[in-house]
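# Residue-level structural notes
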Amino acid sequence: MNSTIDLNTYECSGEGLILPAINEYTWSIGARAFLYLLGMLWCFLGIAIVADTFMCGIEKITSKTRVIQIPDPDSKGGVREVEVKVWNDTVANLSLMAFGTSAPEILLSVIEICGKGFKAGELGPGTIVGSAAFNLFAITAMCIVSIPNGQVRRISNMGVYAVTTSFSMFAYLWMIVVLMFSSPGEVELWEAILTFLMFPTLILVSFAVDKGCWCRKNKTSSEVEIGIGYKENRDFSNSDDKNRGDDDGGTGTADIIHMARELGRNKDISEEDAAKLAAAKLSENQHHSSLWYRIHATRNITGGHKLVPQINKALHELYEQSQDKIARQSQMGSHQSLSMIDLTEGGNKAVVEFTAPSCAVLENEGNVRIGIRRYGCCKKSVTVMVETIDGTAEAGSDYKPLKEKIVFNANETKKEVHVVIVDDDVWEPDEIFFVKLWIDDSAQDVVLGKTVINQVTIINDDEPGKFEFSKPSYIVNETSGKAQLFVNRVNGADGSVAVSWRSRDLTAINGKDYIGGEGSLTFEHGETSKVLVLSILDSGLTDREHSFQVELVSPTGGAEIGRIGKAIVTLVNDEEFEGLVSRITNQTMKNLDGLRLDSSSWGEQFHDAMNVNGGDAENATVIDYIMHFCTFFWKVMFATLIPPTSIGGGWLTFSFSLMVIGFLTAIVGDLASIFGCLIGLKKTVTAITLVALGTSMPDLFASKQAAVGEKTADSSVGNINGSNAVNVFLGLGLPWLIATIYWGVKGERFIVPTDALGFTVVLYTAFAIFTLVILMIRRKFAEFGKAELGGPVRNKFLSAFLILMLWFIYVILSSLNAYKIFNVPF
């Protein structure tokens, strides 16, 4: 008998819809399995990248606005123009945005059922349930532990969350009813229609809750006014509008200018670096949608154009150090430069100087101690001379003269000299004398520092003293942020006394140009100086100087007001500083503009696709280079095939991206099916593990970043249930509807096997209820921080561990059931 061998029929050759593309008859099973696994992982990256583009199109569509007019008697013509978002945020999240994050799972289910002759498959439904399990269990656990210690994140919009959670649980309970009770092993047309219609029902109910149809407190202030969120359509050329910022919670012009002023005062940071830092800080503090975090996570994974400015470690450390230095200077009230000319000649000479340029002593203290320090070369012994010089105080009657040698032994860095003060019972005004350092001409290894004369003030302690400003007028740059007025206590320092102060507007206005009012300063016994600090506001005016007055009044304890009881503070504009702020502001706006989601042209798309980190090679990491190399083909191909979002209002990007996702999803389905076949893995197990993880991994990173970056949990775990519900309503409802119509026309039934799918759905539903109970307990009890995410370290790790273990148990039990290791009567 003659037998023939069919070279087109070999191990797992009939598993795919498109693949194998070439004959693999002679390939070893091990090599084929490795290549199919590698190809599947590579295609997952491709799907993540095209999903990035797909969601950019969605963002462009849902951010569309229109201008309407509303009555406003305070505006010209009695009406005011406002810019209104066409799409409601809740509708956008649960329709296009939810579809954007779930598109691979939904399309995989549709393609599988159509490609198999409208017969039910295992890969698509298994991926939907497996992805839901990974989202609810693994992502929730990750979000709980990712919150920094001592912080919590709560779901703020509980109305919408309750609706999406209810629909999510109902979706899987409905699957159990359809597959096991209503029509076991079969899906009827009315069941498919009802499943599919639950999707628009979810959107309508969530929209109603968001609008406050059942709970008025859910409305935002803007919705109460005109029924929909809006922002004013303003021209920022007006200086008053500049200070308002945007109404939609974004980064306003005022925020950028404020940050530019703050960084412009920092002399250690260049203009270019200041603009990068401003863009980074503003982007970090800005509210972002879950879609934004999904795109951001994808670009971090694939080495793409980042949505947050990349700041190198050195620049970040320099900024932090400079901020610390500014804070210290502010606390000390010091105007002195911290820099110092090197007098040591490279450390070869010793430098000797006083530790302070002046000091004060009460007349009854008996002596004054004056510090002398040495720095530089301290290995050798050096000698300096110190002597006193009369001022208004006279040697003999007010202090005892001093002239002596000061010897610094090897490695000795500090010395003190003591000058005796003569105390008497005669009242005298405060007097001064000087102490001087000098060295012999023969000295070779020592030089004098900058502070070689110390002024000593002898304070009469027999009177409470007088209060006066150090000078009658102060000139302060408006951009400095504060005015420091020195109040001195002269001609006495006896007892604890106080003096009040009050400000008075001249051309400057309290609350607009400065923060004034009134207050008091308390001087303890022996204290002779205080600093009165007033906050200066950036009014933005450049055409005039403005001033205000501060007056000392009502001294206590027998003290009096001295010669300078009033001081005028004049605020002037720093034109050079304003020019610097303007340059930093413009560069910051340019940097922020480069971080937008959408692309304006084909050329911009190609530039971002061809270059690692979107062209910012300076801040690209090794991982960025590796992932850019791995995804280079996908980036260039998608930049070529998919139009930019600026064309067609985002709809062309949406449509072309959807077609590409569909094609790649079909390829992934084939790769997963053949790989599972080659290694003996059931399709159900392949779906709930490899395929579910591959399609959900970007969501894991996105939710983690949203949990840390946002003030609430809505953009992280709050969207999980909505996404899971959409997966069922579209991912099963749409293919079921297509298949039931097809078989109904032919007069036959649509058969759906329930042995493996039914068990995974029941198991997931039970574990999902347990997880939701844990989240409710976390929100209610203080032991967990009364929040879904974060809280006390021990308890947050405990709850995260319990939830994560549910996912492992789900995968293990579903796999054991698929292999019939135990049988469940479903």
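Our structure's up above, just so we're on the same page.
Description of the structure in this document. In this text the structure is predicted, and so the values were computed from the model without any measurement.

As a further point, take the overall build of the protein chain. Counting its regular elements, the protein chain contains 20 helices and 26 strands. Once local pairs closer than 6 in sequence are excluded, the contacts in the protein chain between residues at least 24 apart make up 74%. As displayed, the protein chain has an accessible area near 38,800 Å², and 57% of this comes from carbon and sulfur atoms.

We now examine the side chain of Asp52. For Asp52, the position within the fold is in helix H1 (residues 29-62). Residue Asp52 is classed as buried on the basis of its relative accessible area, which comes to 8%. Once residues within four sequence positions are removed from consideration, Asp52 is found in contact with Ile295, Thr298 and Arg299.

On inspection of all chains with the given rule, the structure shows nine salt bridges. Residue Glu412 pairs with Lys415 through a salt bridge whose shortest N-O separation is 3.2 Å. Residue class for Lys415 comes out partly exposed when judged on its relative accessible area of 26%.

Let us now look at helix H14 (residues 622-641). Its 20 residues place the ends of H14 28 Å apart at the C-alpha level, agreeing with the 28 Å of an ideal helix rising 1.5 Å per residue. The sharpest bend along H14 reaches about 60 degrees and sits at Thr631. For H14, the full list of buried residues reads Asp624, Met627, His628, Thr631, Trp634, Lys635, Val636, Phe638 and Ala639.

Ranked by size, the top nonpolar core spans 120 residues in total, and within it Phe137, Tyr172, Phe729, Trp736, Tyr764 and Tyr810 carry the most contacts. Here this core takes 14 residues from H1, the largest share from any one element. Listed in part, the 25 residues of the second largest apolar core include Phe467, Phe469, Tyr514 and Ala567.

So, about the pairing of strand S22 (residues 546-553). Burial runs high along S22: eight of the eight residues are buried. Side chains of S22 alternate between two faces, with His546, Phe548, Val550 and Leu552 and Ser547, Gln549, Glu551 and Val553 buried alike. By the bridge criterion, six bridges tie strand S18 (residues 497-505) to S22 in an arrangement that is antiparallel. Each residue of the ladder has a partner; that of Asp505, found in S22, is Phe548.

Before going further, it helps to examine the sheet that holds strand S20 (residues 518-523). Read across the sheet, five strands follow the order S16-S24-S22-S18-S20 without closing on themselves; strand pairing throughout is mixed. This sheet does not close on itself; its edge strands, each paired only once, are strand S16 (473-477) and S20. With direction set aside, neighbouring strand axes in the sheet form an average angle of 25 degrees. Summarising the sheet, S16 and strand S24 (residues 566-572) pair through five bridges and their orientation is parallel.

In this section: the environment of Pro125. With respect to the helices, strands and loops of the structure, Pro125 is situated in helix H3 (residues 123-146). Exposure remark for Pro125: the relative accessible area of 12% places this residue in the buried category. In this structure the C-alpha to C-alpha distance between Pro125 and Val728, which are 603 residues apart in sequence, comes to 8.6 Å.

Here we take up the packing of helix H4 (residues 158-182) against helix H19 (residues 755-780). Two quantities define a packed helix pair, namely the angle between the helix axes and the distance between the axes. Their axes nearest at 9 Å, the elements H4 and H19 cross at an angle of 160 degrees. Regarding the angle of H4 to H19, the classification is roughly antiparallel. Here H4 runs over H19; the crossing is left-handed. Facing H4, whose interface residues are Met158, Tyr161, Thr165, Ser168, Met169, Tyr172, Leu173, Met175, Ile176, Leu179 and Met180, H19 presents Leu757, Gly758, Phe759, Val761, Val762, Tyr764, Thr765, Ala768, Ile769, Leu772, Leu775 and Arg779. A class-by-class count of the residues in the contact of H4 with H19 yields 18 nonpolar, four polar and one charged.

Attention shifts here to the environment of Val490. In this structure, Val490 sits in strand S17 (residues 482-490). Not counting residues up to four positions away in its chain, the partners in contact with Val490 are Asp430, Gly465, Lys466 and Glu468.

This part is about empty space enclosed by the protein. If you walk through the whole model with that rule in mind, you get three cavities of 30 Å³ or more. Its volume calculated, the second largest cavity comes out at about 100 Å³. Around the second largest cavity sit Glu15, Leu17, Leu108, Ile111, Glu112, Lys116, Leu123, Ala666, Gly669, Asp670, Ser673 and Lys683, which together line it. Listed by contribution, the elements that provide at least two residues to the lining of the second largest cavity are helix H2 (89-115) and helix H15 (651-678). For the lining of the second largest cavity, the leading source of residues is H15, giving four residues. The residue makeup of the lining of the second largest cavity, split by class, is five nonpolar, two polar and five charged.

Let us now look at the state of the cysteines. Here, disulfide denotes a covalent bond that connects the sulfur atoms of two cysteines. Taken as a whole and judged by the stated rule, the model has one disulfide. One disulfide in the model links Cys12 with Cys677; its S-S distance is 1.9 Å. Looking down the S-S bond of the Cys12 and Cys677 bridge, the torsion is -85 degrees, so its handedness is left-handed. Here Cys677 lies in helix H15 and Cys12 lies in the segment before H1, a separation of 665 residues in the sequence. Overall, Cys12 belongs to the buried group, its relative accessible area being 8%. Among the residues examined, Cys677 registers a relative accessible area of 23% and is labelled partly exposed.

Another aspect to go through is the sheet that holds strand S7 (residues 358-362). One open sheet accounts for five strands, arranged S7-S14-S12-S9-S10; its pairing is mixed. Looking at which strands have only one partner, the edges of the open sheet turn out to be S7 and strand S10 (403-408). In this sheet, adjacent strand axes meet at a mean angle of 25 degrees when their direction is disregarded. Where strand S9 (residues 382-390) and strand S12 (residues 431-438) come together, six bridges link them in antiparallel fashion. Residue pairing in the sheet places Thr388 in a bridge with Val435 of S12.

A few words now on the pairing of S12. Burial of S12 is one-sided: the residues Glu431, Phe433, Val435 and Leu437 facing one way are buried, the residues Ile432, Phe434, Lys436 and Trp438 facing the other way are not. Of the strand pairs in this sheet, S12 and strand S14 (residues 453-459) are connected by six bridges, and their pairing is antiparallel. By the bridge assignment, Glu431 is partnered in S14 with Ile458.

Attention shifts here to the packing of aromatic side chains. Under the counting rule described, the total for this entry stands at 20 aromatic pairs. For the pair Tyr10 and Tyr25, a centre-to-centre distance of 6.3 Å together with 80 degrees between the ring planes defines the contact as edge-to-face. Here the residue Tyr10 occupies a position in the segment before H1, and Tyr25 occupies one in the segment before H1, the gap between them amounting to 15 residues. Considering the side-chain rings of Phe170 and Trp174, the 6.2 Å spacing of their centres and the 20 degrees angle between planes classify their relative orientation as stacked. Of this pair, Phe170 and Trp174 both sit in helix H4, four residues apart, roughly one helical turn. Members of the aromatic cluster, connected to one another through ring pairs, are Trp42, Phe633, Trp634 and Phe638.

With the exception of glycine, most residues fall at negative phi, and the peptide bonds are largely trans. Here Leu19 and Pro20 are connected by a cis peptide whose omega angle stands at 0 degrees. Examined against the element boundaries, Pro20 turns out to sit in the segment before H1. One non-glycine residue, Asn613, lies in the positive phi region at around 60 degrees. With respect to the helices and strands, Asn613 occurs in the loop between helix H13 (602-610) and H14. Asn613 gets classed as buried once you look at its relative accessible area, which sits at 2%. A positive phi angle is found at Lys786, which is not glycine, with a value near 50 degrees. Tracing the chain through its elements places Lys786 in the loop between H19 and strand S26 (789-790).

What counts, and where the lines are drawn
Residues numbered from 1 in each chain as written. Predicted model: local features only at pLDDT ≥ 70, side-chain atom pairs only at ≥ 80, totals over all residues. Heavy atoms only, no water. Helix = DSSP H or I, 4+ residues; strand = E, 2+ residues; numbered from the N terminus. Contact = heavy atoms within 4.5 Å. Areas by Shrake-Rupley, 256 points an atom, 1.4 Å probe, with all protein chains shown as cover. Buried < 20%, exposed > 50% of the residue type's maximum accessible area, 1.4 Å probe, protein only. Salt bridge = Lys/Arg side-chain N within 4 Å of Asp/Glu carboxyl O. Expected span 1.5 Å × (residues − 1). Bend = angle between axes of the 7 residues up to and from the residue. Core = buried A, V, L, I, M, F, W, Y, C linked by side-chain atoms within 4.5 Å. Pairing = 2+ DSSP bridges. Axes fitted to C-alpha atoms, helices over the stretch in contact; angles between N-to-C directions. Parallel < 35°, antiparallel > 145°, perpendicular 65-115°, else oblique. Left-handed = near helix turned anticlockwise from the far one by under 90°. Nonpolar A, V, L, I, M, F, W, Y, C, P; charged D, E, K, R; others polar. 1 Å grid on protein atoms, 1.4 Å probe; cavity = no way out; pocket = protein on both sides within 12 Å on 5 of 7 lines; lining within 4 Å. Points joined across faces, edges and corners; volume = space filled by probe spheres on them. Disulfide = S-S within 2.5 Å. Phe/Tyr/Trp six-rings, centres within 6.5 Å; stacked < 30°, edge-to-face > 60°.

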